[in-house]
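# Coordinate analysis (summary)
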Amino acid sequence: MTTTSPGRAFGLLRHAAARVFACVFVCLLAHQAVQAQPAAPDVKRLRLMTTSDVQIGGPWFVAAGKDFFKAEGFENVEIVQYPSAPPAFPAFITDDIQAMAVADQPMFALAAGGQPLSVFGIYSDMTGLHGLIGSAAVKTAKDLEGKNVALPKGSVLEFYLRRFCEAYGCDLSKVKVINMSAPEAVTALVAGSVDAAALWQPFIDRAIAGKPELHMLHYQNVSRMPHAEGPKRLHNATAVLFTKQAFAKEHPSTVDALLRVLDRSMKYMAQNPKDAAALMAKALKIEPDTALRYEEAVRFGFNYTPQNLGELQSTANRLAEEKLIKRDVNFEREMLDPRPYRQLGATAAR
């Protein structure tokens, strides 16, 4: 019979305990690593609507070009381009489109019309690419009275025109505002059937290219008004990403993954602006240098600051006061879902 001294037995026991502890420690680390991995989206295929531009659609075109959707677990995300948001509302309401990336004003119009929304992405200040173009007959704001002005009603440009008239002395009730999509407004402006148009890029450049005598009355937050030239911000315009509230509640992992895609894309744009511009140019069928110029005029990055949330609420309040939406909307209480953004943590694109 073999005997073991108490000292040796203690040593063997201590060695065995150390091995068990090490095994438990490694298992815990592995468990934490698994837990740290974000959940894959449970909806692998969906349609995301965005506008045909750099300022809102740009990050999504980059995401598609760099396969960021696949990197976050999606199998197929179809990017559906519209010139403006309101024409896409019916497809969103009928669930043919599951997510929308648009400007804040049409979002408020949709919510005020009775559609519960979950807004989880607030990601660009695009005011630098909005402008008011005039024909040779329009030199001042007062000249707009009695004239035809084209813009997409329900878009942020409707509010922008009101602010322009308030700032520079134009009676909006004497202006004939004609509802046109951005491409239609370009055609009408070049043909001379309207005297001015409130638009965004790339449609501003398209109009001026078609008729060089057109000129800017206000652009890139700068006034071109005689005796009132200089910096003048007229409005707030922020890009937002949202789904229906029911969709966000049922598919939180999909919402989280969409925001991670957007985060990846904006970080890539910040680090590789020329490459990003080339991807956007391909999607929009414009020149890469033009896409880069637009990209540089927009402030990309998540913005959930109290100041920006306050500006969004102020926009909603003014829209309701001026009867541009059907009812008052409380943005933070009714619509904002900050949870997905908080999960991105301190490394989120800003």
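What you are looking at is a predicted structure, and each value in this text was computed from that prediction instead of being measured.

A volume near 260 Å³ is recorded for the largest pocket. Lining the largest pocket are 16 residues; nearest its centre among them are Asp-125, Arg-299, Asn-303, Thr-305 and Asn-308. Of all elements in the fold, only β4 (117-125), β13 (299-300) and α13 (306-321) reach the threshold of two or more residues within the lining of the largest pocket. Among the elements that line the lining of the largest pocket, the one with the most residues is β4, at 4 residues. For the lining of the largest pocket, the class distribution of residues is 4 nonpolar, 8 polar and 4 charged. Taken as a whole, the second largest pocket holds about 170 Å³ of empty space. Around the second largest pocket, the lining residues are Met-266, Lys-267, Met-269, Ala-270, Pro-273, Glu-295, Glu-296, Val-298, Phe-300, Gly-301, Ala-349 and Arg-350. Looking at the lining of the second largest pocket, the elements with two or more residues in it are α10 (252-271) and α12 (288-296). Per element, the largest residue contribution to the lining of the second largest pocket is 4 residues, and it comes from α10. Broken down by class, the residue content of the lining of the second largest pocket amounts to 7 nonpolar, 1 polar and 4 charged.

Another point: the packing of helix α7 (residues 182-191) against helix α8 (residues 203-210). Contact pair α7 / α8: the axes reach a minimum separation of 9 Å and the direction vectors enclose 20 degrees. Judged on the interaxial angle alone, α8 and α7 are roughly parallel. Every pair of crossing elements has a handedness; the one defined by α7 and α8 is right-handed. Packed against α7, whose contacting residues are Ala-182, Pro-183, Val-186, Leu-189 and Val-190, the element α8 presents Phe-203, Arg-206, Ala-207 and Gly-210 at the interface.

Our next topic: the packing of helix α2 (residues 58-65) against helix α11 (residues 273-284). Describing two packed helices takes the angle between their axes plus the distance from one axis to the other. One can describe the packing of α2 onto α11 by two numbers: an axis separation of 8 Å at closest approach and a directional angle of 100 degrees. Classed by the angle they form, the pair α2 and α11 counts as roughly perpendicular. Residues Gly-58, Phe-61, Val-62 and Gly-65 of α2 form the contact with α11, whose participating residues are Ala-276, Leu-279, Met-280, Ala-283 and Leu-284. A breakdown of the residues in the contact of α2 with α11 according to their chemical character gives 7 nonpolar, 2 polar and no charged.

All chains considered together, the criterion is met by 1 cavity of 30 Å³ or more. One number sums up the size of the largest cavity: a volume of about 110 Å³. Surrounding the largest cavity, 14 residues form its lining, Thr-51, Ile-56, Ala-103, Val-156 and Trp-200 being those nearest its centre. Here the lining of the largest cavity is composed, by residue class, of 8 nonpolar, 5 polar and 1 charged.

This structure, assessed with the given rule, holds 15 salt bridges. The shortest N-O distance in the salt bridge between Arg-162 and Glu-322 comes to 3.3 Å. One end of the pair, Arg-162, is in helix α6 (residues 156-168); the other, Glu-322, is in the loop between α13 and α14 (331-334), with 160 residues separating them in the sequence. Between Asp-263 and Lys-267 there is a salt bridge, with its nearest N and O atoms 3.0 Å apart. On the criterion of helical spacing, the pair formed by Asp-263 and Lys-267 is a turn pair, its members being 4 residues apart in helix α10. Classification of Asp-263 as buried rests on a relative accessible area of 7%.

Time to look at the confidence of the model for the chain. Taken over all residues, the pLDDT of the chain has a mean of 90, while the share at 70 or more is 90%. Confidence drops under a pLDDT of 50 for residues 20-35, and excluding neighbours within four residues, the segment shows 0 contacts in the predicted structure.

Quick notes on the rules
Residues numbered from 1 in each chain as written. Predicted model: local features only at pLDDT ≥ 70, side-chain atom pairs only at ≥ 80, totals over all residues. Heavy atoms only, no water. 1 Å grid on protein atoms, 1.4 Å probe; cavity = no way out; pocket = protein on both sides within 12 Å on 5 of 7 lines; lining within 4 Å. Points joined across faces, edges and corners; volume = space filled by probe spheres on them. Helix = DSSP H or I, 4+ residues; strand = E, 2+ residues; numbered from the N terminus. Nonpolar A, V, L, I, M, F, W, Y, C, P; charged D, E, K, R; others polar. Axes fitted to C-alpha atoms, helices over the stretch in contact; angles between N-to-C directions. Parallel < 35°, antiparallel > 145°, perpendicular 65-115°, else oblique. Left-handed = near helix turned anticlockwise from the far one by under 90°. Contact = heavy atoms within 4.5 Å. Salt bridge = Lys/Arg side-chain N within 4 Å of Asp/Glu carboxyl O. Buried < 20%, exposed > 50% of the residue type's maximum accessible area, 1.4 Å probe, protein only. pLDDT = per-residue confidence, 0-100.

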